[in-house]
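Structure assessment
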Amino acid sequence: MGSDAPADHAAHSDYFVLHTGGLGDLVLLSHLVVSLKRAHPSAHLTVACRTQFAELLRCYPVAPDQVLRLSFNPYEWNEPGPALFTELRALYTGLAAQPVNLFIAAELKPTWFDWFVAAVLRPEQAVSCSNVRKPQGLLPVVLRHFGLEAPRCEGPQIEASLSEKERYERILAFLGVPPANPFPWSLDAGIRKQTEQRLSVLGLQPGRYLTCCPLGSGGASLKSWPAQRFHEVINWLREEFELPVLIIGSQREEPELRAFAVGVPGSAVFAGSDEELPLLTGLLANSRLYLGNDTGPAHVAEAYEVPAVVLF
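Read on for a plain summary of the structure. Each chain carries its own residue numbering, running from 1 in the direction its sequence is written. In view of the model being predicted, local features appear only for residues whose pLDDT reaches at least 70, and side-chain atom pairs are presented and counted only at 80 or more, with totals across whole chains, interfaces and linings using the full set of residues. Note that water and hydrogens are dropped before the side-chain values are worked out from all heavy atoms of the structure.

Moving on, we get to the packing of helix α1 (residues 23-39) against helix α5 (residues 164-175). Only the stretch in contact is used when fitting a helix axis, every axis being a line fitted to C-alpha atoms; angles between N-to-C directions are given from 0 to 180 degrees. A run of H or I in DSSP counts as a helix once it spans at least four residues, and a run of E counts as a strand once it spans at least two, with each numbered from the N terminus. Close contact between α1 and α5 brings their axes to 10 Å; oriented N to C, the two are set at 25°. Taken together, the axis directions place α1 and α5 in an arrangement best described as roughly parallel. Here α1 and α5 pass one another in a crossing that is right-handed. Contacts between α1 and α5 involve Asp25, Leu28, Leu29, His31, Leu32, Ser35 and Leu36 from the first element and Glu164, Lys165, Tyr168, Ile171 and Leu172 from the second. Here the nonpolar group is Ala, Val, Leu, Ile, Met, Phe, Trp, Tyr, Cys and Pro; Asp, Glu, Lys and Arg are the charged ones; every other residue, Gly included, is treated as polar. Taken together, the residues of the contact of α1 with α5 sort by class into seven nonpolar, two polar and three charged. Roughly parallel refers to an angle under 35 degrees, roughly antiparallel to one over 145, roughly perpendicular to one between 65 and 115, and oblique to any angle outside these ranges. Note: crossing handedness is left-handed where the near helix turns anticlockwise from the far helix by less than a right angle, and right-handed where it turns clockwise. In this description, contact between two residues means that some pair of their heavy atoms is separated by no more than 4.5 Å.

Set out below in structure tokens:
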């Protein structure tokens, strides 16, 4: 586990927000983060998220004061043991001395890890907006191993029909913080210049190309439209509107993206690393249109108010 904060990051943190979800989840989290920072600009706000998505927080209209990068993924663990305790020890050591007024478990379905982090931080107040109760099984074993007690977590009620925006607004109302609309996002000068340079290399002009994200979330086939159907729609758009095509995805998906691009003559491919997330946002922000599966880049495109057709 690591942090992009200075070595003395154990300084006081007024607010500590934890979200271990994916790219789209962190786009939506900007509702909460921007509202907190605009209401209390002098407060120190730490956001803890998974390392692979941490660079996205640079693109928020109002960024948090500190981003804690978690290489630990709680969804990969379901039983205790020496390996798990070793993974958690570094986080425990880094956070145990950090005073926190308010801890927010921001996920729709907080995991045992949220309770563990809250127990380590010992905040004055712990808040969530979820129907998930304190987990049993793994959590009591982990807390006992580290000599911790689970904190009392409070928060507003939630219904199944509630959107993420509405859920965050309930948390804000519970805390007496007025909601602030974070959208549309805008590119800062550094990301804008980097994007222009990459578009030049790709042979594309700002606002004059279609961006397509054809793969699913984590390779989930249920969230992926068949490649043949994508090809039919993309090639029709290409011919009808003379729109060049940029096919995007992660570095881990590059072989599949290159194979997909064979069916779209003349298309460009961007397979970005975790560190290139700001560049990915720039490429999406400069698109004329977004077409893709229900994945994180769709949320990014909408954050920049790019017209988007998203397949569910």
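To continue, consider the side chain of serine 30. Relative to the assigned elements, serine 30 resides in helix α1. Residue classification places serine 30 among the buried positions, given a relative accessible area of 0%. Residues contacting serine 30, with those up to four places away along its chain left out, are Ser35, Tyr60, Pro182, Phe183 and Trp185. We call a residue buried when its accessible area falls under 20% of the maximum for its residue type, exposed when it is over 50%, and partly exposed in between, using a 1.4 Å probe and counting protein chains only.

Moving on, we get to helix α2 (residues 82-95). Each residue after the first adds 1.5 Å to the expected span of a helix. Given a rise of 1.5 Å per residue, 14 residues ought to cover 20 Å, and the 20 Å separating the end C-alpha atoms of α2 matches this to within 8%. The largest bend in α2 comes to about 25°, at leucine 88. For α2, the complete set of buried residues consists of Leu84, Phe85, Leu88, Leu91 and Leu95. Two axes enter the bend calculation: one fitted to the seven residues ending at the residue in question, the other to the seven starting there, and the bend is the angle between them.

Moving on to the pairing of strand β6 (residues 125-128). For a regular strand, side chains alternate in direction, first toward one face of the sheet and then toward the other. What makes two strands pair is DSSP finding at least two bridges between them. Pairing between strand β5 (residues 100-105) and β6: four bridges, direction parallel. Bridge pairing links phenylalanine 103 to alanine 126 in β6. Two strands pair when backbone bridges link them, and β6 and strand β7 (residues 153-154) are joined in this way by two bridges, in the parallel orientation. By the bridge assignment, alanine 126 is partnered in β7 with cysteine 153.

Attention now goes to unusual backbone geometry. The linkage connecting phenylalanine 183 with the following residue, proline 184, adopts the cis geometry, with an omega of -5°. In this fold, proline 184 is placed in the loop between α5 and α6 (189-202). The phi torsion at arginine 122 lies on the positive side, around 50°, for a residue other than glycine. With respect to the element layout, arginine 122 can be found in the loop between α3 (112-121) and β6. Residue glutamate 305 is not a glycine yet carries a positive backbone phi of 60°. Within the element layout of this structure, glutamate 305 appears in the loop between α10 (296-303) and β12 (308-311).

With their axes 9 Å apart at the nearest point, α3 and helix α4 (residues 138-146) run at an angle of 25° to one another. In terms of orientation, α3 lies roughly parallel with respect to α4. Here α3 runs over α4; the crossing is right-handed. Contacts from Trp112, Trp115, Phe116 and Ala119 in α3 reach Leu138, Leu139, Val142, Leu143 and Phe146 in α4. Residue composition of the contact of α3 with α4, grouped by class: nine nonpolar, no polar and no charged.

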